[in-house]
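Structure at a glance
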Amino acid sequence: MKLIGHEKTRDLILSFLEREYDSYSFIFEGKDCIGKKLTALYTARGFLCEKKVGFGCGECTSCRLVNNTIRNIYYGEDLNSHPDIKVISPENGKEIKIDQIREAINFLKLKSKGGKVLIIDNSERMNAEASNALLKTLEEPPEKTMIILVTSNQNKLIPTIVSRCKKVRFSPLSKEEIEVILGLKGLDEKKIKMLSEISDGSLCLPIHIVENETVYKYGKDLYHLLSLYFEKGEIHSEGIISLSELMDKLDIESILNIIEILEILVYKNGLNKKIPVEVYDNILKEVDKMKRAISKGVKKKLAVEGFYFNIVR
Ligand SMILES: [Zn+2]
């Protein structure tokens with residue numbers, strides 16, 4: 001798995017690695033789905049490399065084991081992973097609990113030849129107890145250890161943790177970088193262009209769409225129904241009722257992604273002046289209402305229909 005983009009960020013990390021500190025504590029902060037965790041794994045590779053070359057020589061035993069760890073994580077393979085790297089993330093996607101942190105701290109204290117690395121993904125989800133337990137370790141880290149807190153928002157970490165870490169900021173990916181990454185996934189040119197258009201600097205939405213074709217289609221359909229109204233004055237009640245019935249069967253995440261696609265299309269066409277200004281503002285206001293309603297548990301079908309009829313009535 002190749003690292004794409006983030007050149008300056010990588011240079012900064014390399015300059016830290018070159019100093020060969022005994023222990024490191026980092027915060028990697030930036031948007032979701034842009035490569036922070038992958039960069040953390042490469043940073044671990046550099047730290048543990050037997051030859052101490054940049055992000056790792058890629059050939060020594062340690063580097064090869066890190067490569068296995070990366071393949072296990074990103075391709076779901078089951079190779080011998082590196083015994084000195086531990087990656088933790090929120091249990092059930094909810095929070096990181098103290099037991100997870102305690103176990104991780106014990107892992108850091110175990111003897112090893114080249115050092116130990118702990119990567120905490122979505123670290124802003126550590127609960128208060130977990131944060132305090134980690135803080136103690138950050139204050140007095142065991143020898144030869146690296147701790148990397150990966151987060152989309154460091155303000156959600158407790159300030160005492162933040163002050164103990166070196167901060168590394170990750171910028172959103174450029175359109176070109178997104179296209180390169182999607183190209184590596186073997187997608188065709190046309191799809192790559194379409195996905196990079198709506199990417200907004202991150203791979204979250206493109207990946208969700210690749211995994212779930214219908215999301216993009218429904219987002220476009222919903223926009224199409226609106227455009228028929230403001231371009232031709234046509235109201236398509238049956239169209240919206242059947243679309244909202246289809247959407248009703250999807251999970252909340254998919255619905256929110258459909259709405260995000262709709263917002264992006266509205267925004268783009270608003271910029272191109274294809275949507276009258278007074279309609280544009282109203283659509284965005286109604287989009288917001290629909291999102292809030294769905295998040296609060298209003299039936300998806302009703303929220304989508306309500307959205308449409310509030311605009312066209
Ligand atoms: Zn190496």
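The structure presented is a predicted model; accordingly, all values stated were derived computationally and were not measured.

**Side note on the sheet that holds strand β1 (residues 23-29)**
On the basis of which strands lie adjacent, the open sheet formed by 5 strands has the order β2-β3-β4-β1-β5 and parallel pairing. Every interior strand has two partners, whereas the edge strands, β2 (85-88) and β5 (166-169), have only one. In this sheet, neighbouring strand axes are inclined to one another by 15 degrees on average, regardless of whether the strands run parallel or antiparallel. Strand direction decides the pairing type here: strand β3 (residues 116-120) and strand β4 (residues 145-151), joined by 5 bridges, are parallel. Each bridged residue has a counterpart across the sheet, and for Ile119 the counterpart in β4 is Ile148. Relative to the sheet, helix α4 (residues 98-109) contacts β2, β3 and β4, its axis offset from that of β3 by approximately 160 degrees.

**A few points about the domain arrangement of the protein**
For the protein, the domain assignment lists domain 1 (7-169) and domain 2 (212-312). Put simply, the middle of domain 1 and the middle of domain 2, counted by C-alpha atoms, are 40 Å apart.

**What about the pairing of β3?**
With 5 of 5 residues buried, β3 is to be regarded as a mostly interior element. Residue alternation in β3 divides its side chains into two sets, Lys116, Leu118 and Ile120 and Val117 and Ile119, and both sets are buried. Strand direction decides the pairing type here: β2 and β3, joined by 4 bridges, are parallel. Bridge pairing in β3 links Val87 to Ile119. Traced from β2 through α4 to β3, the parallel crossover comes out right-handed. Between the parallel pair β3 and β4, the chain is carried across by helix α5 (residues 128-139), and the sense of this crossover is right-handed.

**Brief notes about the pairing of β4**
Summarising burial for β4: 7 of the 7 residues are buried, a large majority. With burial as the criterion, each face of β4 is covered, one bearing Thr145, Ile147, Leu149 and Thr151 and the other bearing Met146, Ile148 and Val150. As judged from the 7 bridges shared by β1 and β4, these two strands associate in the parallel manner. Paired with Ser23 across the two strands is Thr145, which belongs to β4.

What counts, and at which threshold
- Residues numbered from 1 in each chain as written.
- Predicted model: local features only at pLDDT ≥ 70, side-chain atom pairs only at ≥ 80, totals over all residues.
- Pairing = 2+ DSSP bridges.
- Helix = DSSP H or I, 4+ residues; strand = E, 2+ residues; numbered from the N terminus.
- Axes fitted to C-alpha atoms, helices over the stretch in contact; angles between N-to-C directions.
- Contact = placed C-beta atoms within 7 Å.
- Domains from an automatic or database assignment.
- Buried ≥ 20, exposed ≤ 12 C-beta atoms within 10 Å, placed from the backbone.
- Right-handed = clockwise from strand over helix to strand, strands pointing away.

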